[in-house]
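A closer look at the structure
In case you want the letters, here they are:
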Amino acid sequence: MVDMICDYYSTVGQQRVKPGVEPGFLRGQLPASPPEQPEAFEDVLRDVQEKLMPGVVHWQSPSFFAYFPSNTSFPAALADMWAGALSMIGFSWAASPVSTELEMAMMDWLAELCGLPAAFRCNGGAGPGGGVIQGTTSEAVLVALLAARARALRGRVQADKLRLVAYSSDQAHSCFRKACMVAGVDHVRMLPTSAEHNWELQPEVLQAAIDADLAAGLLPCFVMATIGTTSSCAVDPVARLAPVAARRVSNGLGRAGGCGAWLHVDAAYAGAAALLPEQRSAHFGDLGAVDSYSFNPHKWLLVNFDCCALWVADAGPLKEALSLTPVFLQATGNALDYKDWQIPLGRRFRSLKLYFVLRMYGAEKLRAYLRHHIALAAAFAAALQADPRFELAAPQRFGLVCFRLRDVPRQVNAALLEAVNASGRLLIIHTELGGAYTLRLAVGSASTQLEHVEAAWEVIKGAADQVLRQHAE
Ligand code: PLP
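Residues numbered from 1 in each chain as written. Predicted model: local features only at pLDDT ≥ 70, side-chain atom pairs only at ≥ 80, totals over all residues.

In the annotation of an unreviewed UniProt entry, the protein is listed under the name Aromatic-L-amino-acid decarboxylase and assigned to Gonium pectorale. Check the Sequence similarities (unreviewed entry) section of the UniProt entry for the protein; it says "Belongs to the group II decarboxylase family." Taken from UniProt, the Cofactor (unreviewed entry) comment for the protein reads in full: "pyridoxal 5'-phosphate". (UniProt positions renumbered as here; feature names shortened; annotations may be inferred.)

Glancing now at the overall build of the protein. Tallying secondary structure elements over the protein gives 14 helices and 11 strands in all. Here the C-alpha radius of gyration of the protein, 24 Å, is about what a compact globule of 473 residues would show, namely 23 Å. Over its C-alpha atoms, taken along the principal directions, the protein stretches across nearly 70 × 60 × 45 Å. The buried share of the protein, taken over its 473 residues, is 45%. In the protein, once contacts between residues fewer than 6 apart in sequence are set aside, the share between residues at least 24 apart is 72%. (Helix = DSSP H or I, 4+ residues; strand = E, 2+ residues; numbered from the N terminus. Rg over C-alpha atoms; globule rule 2.2 N^0.38 Å. Buried ≥ 20, exposed ≤ 12 C-beta atoms within 10 Å, placed from the backbone. Contact = placed C-beta atoms within 7 Å.)

Right, let's get into the sheet that holds strand β8 (residues 390-392). The four strands lie next to each other as β8-β9-β11-β10, forming an open sheet whose pairing is antiparallel. Only two strands of the sheet have a single neighbouring strand rather than two, namely β8 and β10 (429-433). Averaged over neighbouring strand pairs, the angle between their axes works out to 40° when direction is ignored. Pairing of β10 with strand β11 (residues 436-442), which is carried by five bridges, proceeds in the antiparallel orientation. Bridge pairing links Thr-431 to Thr-438 in β11. Here helix α13 (residues 410-422) sits on the sheet in contact with β9 (400-405), β10 and β11, set at roughly 25° to β11. (Pairing = 2+ DSSP bridges. Axes fitted to C-alpha atoms, helices over the stretch in contact; angles between N-to-C directions.)

Here we take up the site of the ligand. Within the structure, the ligand sits among 15 residues, and Thr-136, Thr-137, Ser-138, His-173 and Ala-268 are positioned closest to it. Tallied by class, the residues present in the shell around the ligand amount to five nonpolar, nine polar and one charged. (Near = placed C-beta within 6 Å. Nonpolar A, V, L, I, M, F, W, Y, C, P; charged D, E, K, R; others polar.)

Here the focus is the confidence of the model for the protein. Put simply, the protein has an average pLDDT of 94, and 97% of its residues get 70 or more. For this predicted complex, the interface confidence reaches an ipTM of 0.98, while the overall pTM sits at 0.95. (pLDDT = per-residue confidence, 0-100.)

A few words now on the sheet that holds strand β6 (residues 292-295). The mixed open sheet is built from seven strands, whose spatial order is β1-β7-β6-β5-β4-β2-β3. For this open sheet the edge positions go to β1 (130-134) and β3 (187-191), each flanked by a neighbour on one side alone. Direction aside, the axes of adjacent strands within the sheet are offset by 20° on average. Of the strand pairs in this sheet, β1 and strand β7 (residues 308-312) are connected by five bridges, and their pairing is antiparallel. Opposite Gly-130, over in β7, you have Val-312 as the bridge partner.

Take the packing of α13 against helix α14 (residues 450-472) next. Viewed as axis vectors pointing N to C, α13 and α14 meet at an angle of 135°, and their least axial separation amounts to 9 Å. Between α13 and α14, the angle falls in the class oblique. Here α13 runs over α14; the crossing is right-handed. Facing Val-412, Ala-415, Leu-416, Ala-419 and Val-420 of α13, the residues of α14 in contact are Val-459, Ile-460, Ala-463, Ala-464, Gln-466, Val-467 and His-471. Residues of the contact of α13 with α14, tallied by class, amount to 10 nonpolar, two polar and no charged. (Parallel < 35°, antiparallel > 145°, perpendicular 65-115°, else oblique. Left-handed = near helix turned anticlockwise from the far one by under 90°.)

This part is about helix α3 (residues 74-86). Taking 1.5 Å as the rise per residue, α3 with 13 residues should run 18 Å; its terminal C-alpha atoms sit 18 Å apart, in good agreement. Listed in full, the buried residues belonging to α3 are Pro-75, Ala-76, Ala-79 and Asp-80. Buried residues of α3 fall within an arc of 130° about the axis and therefore sit on the same side. In α3, the exposed positions angled more than 90 degrees off the buried face are occupied by Trp-82, Gly-84 and Ala-85. Against α12 (351-385) lie the buried residues of α3. Positioned one or two residues after α3, Ser-87 has a phi angle of 40°, which is positive. (Expected span 1.5 Å × (residues − 1). Arc of directions from axis to C-beta.)

Before going further, it helps to spend a moment on the nonpolar core. If you look at the biggest cluster of nonpolar residues, it comprises 134 residues, and the most contacted ones within it are Phe-65, Leu-145, Cys-221, Val-223 and Leu-241. No other element matches the 11 residues that α12 contributes to this core. Not counting chain neighbours up to four residues away, the residues in contact with Val-223 comprise Tyr-167, Leu-206, Leu-241, Ala-245, Ala-261 and Leu-263. (Core = buried A, V, L, I, M, F, W, Y, C linked by C-beta atoms within 7 Å.)

What follows deals with unusual backbone geometry. Here the amide bond leading from Phe-305 into Asp-306 is cis, since omega sits at 10°, within 30 degrees of zero. As for its placement among the helices and strands, Asp-306 is situated in the loop between α10 (297-300) and β7. If you check the backbone angles, Tyr-67 has positive phi at about 45° while not being a glycine. Tracing the backbone shows Tyr-67 in the loop between α2 (41-52) and α3. For Leu-302, which is not glycine, the phi torsion reads 65° and is therefore positive. Along the chain, Leu-302 falls in the loop between α10 and β7. Judged by C-beta crowding, with 26 C-beta atoms within 10 Å, Leu-302 ranks as buried.

This part is about the UniProt feature "modified residue: N6-(pyridoxal phosphate)lysine" (unreviewed entry) in the protein. The residues that UniProt annotates with the feature "modified residue: N6-(pyridoxal phosphate)lysine" (unreviewed entry) are Lys-299. Position of Lys-299 among the secondary structure elements: in helix α10. Overall, Lys-299 belongs to the buried group, with 25 C-beta atoms counted inside 10 Å. Contacts of Lys-299, omitting those with residues within four sequence positions, involve Phe-68, Pro-69, Ser-70, Asn-71, Ala-268, Tyr-269 and Ala-272.

This is the structure we're talking about:
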């Protein structure tokens, strides 16, 4: 199996990034029922190669530039093998002391590498804040919202739940809306952004929305800012949004009661760039007033899916929202029990892959890795800007470049995307920015080198020749 994986990595760059299969391709290739008797490993592996691999989109291809990257590495995969072999369910300290304690330590290591505020450190469980590994950002945003809701409802009546409001920009990931759906927060404001401000949420816009909701008798409870939006890697000005979010809403119980809205920062993809001091000072600013912060090392930090790092400055509201201890889970002592920081009870030993990756790469190599991708994206953006047929649709940030053919109807850009992807030589996706069809190329696959970015540019230029010729005819 390990040989097969090594062969795969050495040839994946030559394969079509996206397979040519249609929905239902697997039906008919598999027996209708599971086998009654055990089958040989070799037979299973053969079917993996012959029947399953044709349906794989090669996210690990060096020419995969779609969505955001989904990194993996040998250290991470080996750690996951060991974690799978141990298969411990570390819901509490007692159920798996090492899972809990390694996770606390790794979240502190990662917080230090990213220059996050001291309030986010676990300090061995001693502080009010700390970090926890969730599966995905969607889960992290949901638990942050549940904590925000618990804090906002302190000292209030049940009916006040219906008055809670959550805010983000219209560029926020759909996981924000989904979290509101699940948490039963019905007043959801996705506030307008514009090209003029590079699709960033402006504090005055948030302020006006909060003022209007307060005047209408509603309760602002949660603000989600994004560092690195999915469409264009826009960076909301967190430090300037924080005082607006923090304005206290009285709950009628005097000075002790009431609180401001909880501020969560979603840095799902771009958060890895906080390892770089120059990116940190350019884009992350002061996170000191943030209540919670999350990013996915599984996107761009060589840790395989799933691994979302979430930190809170005060875990109290999180535990108020999520803590429940049936008699069969009761344990003595006051150790940190991660079941109170997440929705499921069970949890994997995910910190092991962070431990392997952080140790076997070291901070210096990780920084070089990230800088390499940012430089490749800059090289692509420069080539694009030197071609007068194209325009950048947003400033290049991190590893993402958003672009389009200028002065053509949207269907010409849609045709460009189709032609590029039909080549099979790379994969990109599109988005909408201010209603304009926009192509996006995200550099970040672990094996991507300059030659792959240059080859991608050649394919894109060739496809542009073709669609512009067809458009002119
Ligand atoms: N937030 C941002 C900015 C994203 O780009 C994404 C996915 O790409 C998500 C959230 C959702 O991430 P997850 O799949 O971890 O829930």
